[in-house]
Amino acid sequence: MHEMSITQSVVDAVCEHAAGRRVREVKIQVGALCAVVPDSMQFCFELVTEGTLMEGARLDIEQPPGKASCRACGRDFTLTDLILLCPCGSADVEILSGRELRIMSMEVS
Amino acid sequence: MCATCGCGGDGPVVTVAHDHDHDHDHDHDHDHEHGHDHVHDHRPQHSHVHEHEHDHDHSHGNEHSHDEHSHDHADDDRASATETITLEQKVLAKNDLLAERNRGWLAGRNILALNMMSSPGSGKTTLLERTIREMSGERPIAVIEGDQETMLDADRIKAAGCSVVQVNTGAGCHLDADMMAKALDALDPAFGSLLFVENVGNLVCPALFDLGEKARVVVISVTEGTDKPLKYPHMFAAADLVVINKIDLLPYVDFDTEMCEKYARSINPGLSLLSVSATTGEGIDAWYAWVTKC
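Residues numbered from 1 in each chain as written. Chains lettered and ligands numbered in written order. Predicted model: local features only at pLDDT ≥ 70, side-chain atom pairs only at ≥ 80, totals over all residues.

Participant: Mind laying out the overall build of chain B, listing which residues take part and the relevant values?
Facilitator: Along chain B, the regular secondary structure elements total eight helices and nine strands. Taken over 294 residues, chain B has a buried fraction of 38%. Residue pairs in contact within chain B that sit at least 24 positions apart in sequence constitute 74% of those at least 6 positions apart. (Helix = DSSP H or I, 4+ residues; strand = E, 2+ residues; numbered from the N terminus. Buried ≥ 20, exposed ≤ 12 C-beta atoms within 10 Å, placed from the backbone. Contact = placed C-beta atoms within 7 Å.)

Structure (structure tokens):
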């Protein structure tokens, strides 16, 4: 259940930047290739924010899809899992997106 | 960490393994109640607000109190009073920063730290016991043991003849850079040491948390099944070396080493792989050579 620690990291960072202001919403990116389950994060978020400046805030999770580029045929393609294989058969691929785990913005009042 | 809900609580417990004392008085006192209204009392409510005054001085004119509607979830009444702040920072930025600090600390002392990860029961501790016995002539060896509970592994490592510190994560399923820093502090490994960090037995969570190690080693055993790399791809994607352990049991189990290697490389093409038996010593020299070269 690493989602608990990860959510805790989000809340720590956001509370620090909020500097006493009330947080209404947090936007984060959790890439499809990260080993992080958005639903678990939502669940943990409610627990972790209790009693903080973020209590009652909404967690908006954007999930960038897995995308890769093949160094052999030059094609960009979608990755649904971590098996690095281009449809052309080459395993020489570079992951372009899907590994994001970032706090994008927050809304305070 | 609290075992019921995974909340912060007292945090992980770091214990240095001594020769004979089993003092059970380490402070596990969960002096908080389980209403959840307690959990974050100790968390920074940011008394250093004043330090940030400069970046939000325009928002100080809010006359209305937000307390009155802090629990109503209607979103439309806040449009005029809110401000969007762009952060664009990594979620694990703090962990990564601490990990880099650990990395610098280790480099300054010429300590080679290896993060050993696996599922429970793959033979990490047995591999370390043999390694300590057979490599300790070359350089000092120290071990950080991560387990949810007990000093059992630390006691085994201690008996093999090296300094060890046990980190009990409680409900936590992995070590993080902060626990690593505390463990380094308690262990104080000698200059030039070889430091093994035996992570919590878990093939999922530890993959995400940089500790400041030089390299990551994943241990799997032939009793676990050939398709393990495909089932737990994140761990194998994060690894520098995979050690396939318990090869003395190959005649008795249905494990295809070649196929397992192929699966692992389909996730992580640059991966190194070794096959060993920590019990019989078969193939173990290749492991020692890898460590020495690392």
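Having seen it, we continue.
Participant: Outline the sheet that holds strand S3 (residues 112-118) of chain B, listing residues and values.
Facilitator: Residues and elements named next belong to chain B. Pairing is mixed in the open sheet, where eight strands are placed in the order S1-S5-S4-S6-S3-S7-S8-S9. Both outer strands of the open sheet, strand S1 (13-16) and strand S9 (272-275), are each paired with one neighbouring strand and no more. Direction aside, the axes of adjacent strands within the sheet are offset by 20° on average. Along the sheet face, helix H2 (residues 124-135) touches S3, strand S4 (141-147), strand S6 (194-198), strand S7 (215-221) and strand S8 (241-245) and points at about 170° away from the line of S6. (Pairing = 2+ DSSP bridges. Axes fitted to C-alpha atoms, helices over the stretch in contact; angles between N-to-C directions.)

Participant: Can you lay out the environment of Thr 169 of chain B for me, pointing to particular residues and giving the numbers?
Facilitator: All names here are of chain B. Inspection of the secondary structure puts Thr 169 in the loop between strand S5 (163-168) and helix H4 (177-187). On the basis of neighbour count, Thr 169 is assigned to the buried category, with 20 C-beta atoms found within 10 Å. Linking Thr 169 and Asp 147, residues 22 residues apart in sequence, is a C-alpha distance of 6.3 Å.

Participant: With reference to specific residues and values, describe the nonpolar core.
Facilitator: Among the nonpolar cores identified, the biggest contains 96 residues, and Val 10, Val 14 and Val 26 of chain A together with Val 197, Val 218 and Phe 236 of chain B are the most heavily contacted of them. For this core, the leading source of residues is helix H1 (residues 2-18) of chain A, giving eight residues. With residues near it in sequence (within four places) discarded, Val 26 of chain A still touches Val 10, Val 14, Ala 57, Leu 59, Asp 60, Ile 103 and Met 106 of chain A. (Core = buried A, V, L, I, M, F, W, Y, C linked by C-beta atoms within 7 Å.)

Participant: Could you give an account of the packing of H2 of chain B against helix H3 (residues 152-160) of chain B, with specific residues and numbers?
Facilitator: Residue and element names in this part refer to chain B. The N-to-C vectors of H2 and H3 enclose an angle of 20°; their axes lie 9 Å apart at closest approach. It follows that H2 is roughly parallel to H3 by the angle criterion. The hand of the H2/H3 crossing is right-handed. Between H2 and H3, the contacting residues are Thr 125, Leu 128, Glu 129, Ile 132 and Arg 133 on the first element and Asp 153, Arg 156, Ile 157 and Ala 160 on the second. Residue composition of the contact of H2 with H3, grouped by class: four nonpolar, one polar and four charged. (Parallel < 35°, antiparallel > 145°, perpendicular 65-115°, else oblique. Left-handed = near helix turned anticlockwise from the far one by under 90°. Nonpolar A, V, L, I, M, F, W, Y, C, P; charged D, E, K, R; others polar.)

Participant: Lay out the sheet that holds strand S3 (residues 66-70) of chain A in plain terms, naming residues and giving numbers.
Facilitator: Residues and elements named next belong to chain A. Read across the open sheet, the three strands follow the order S4-S3-S5; overall the sheet is antiparallel. Two strands in the sheet have a free side with no partner beyond their single neighbour: strand S4 (76-79) and strand S5 (93-97). Geometrically, the sheet is characterised by an average inter-axis angle of 35° between neighbouring strands, direction not taken into account.

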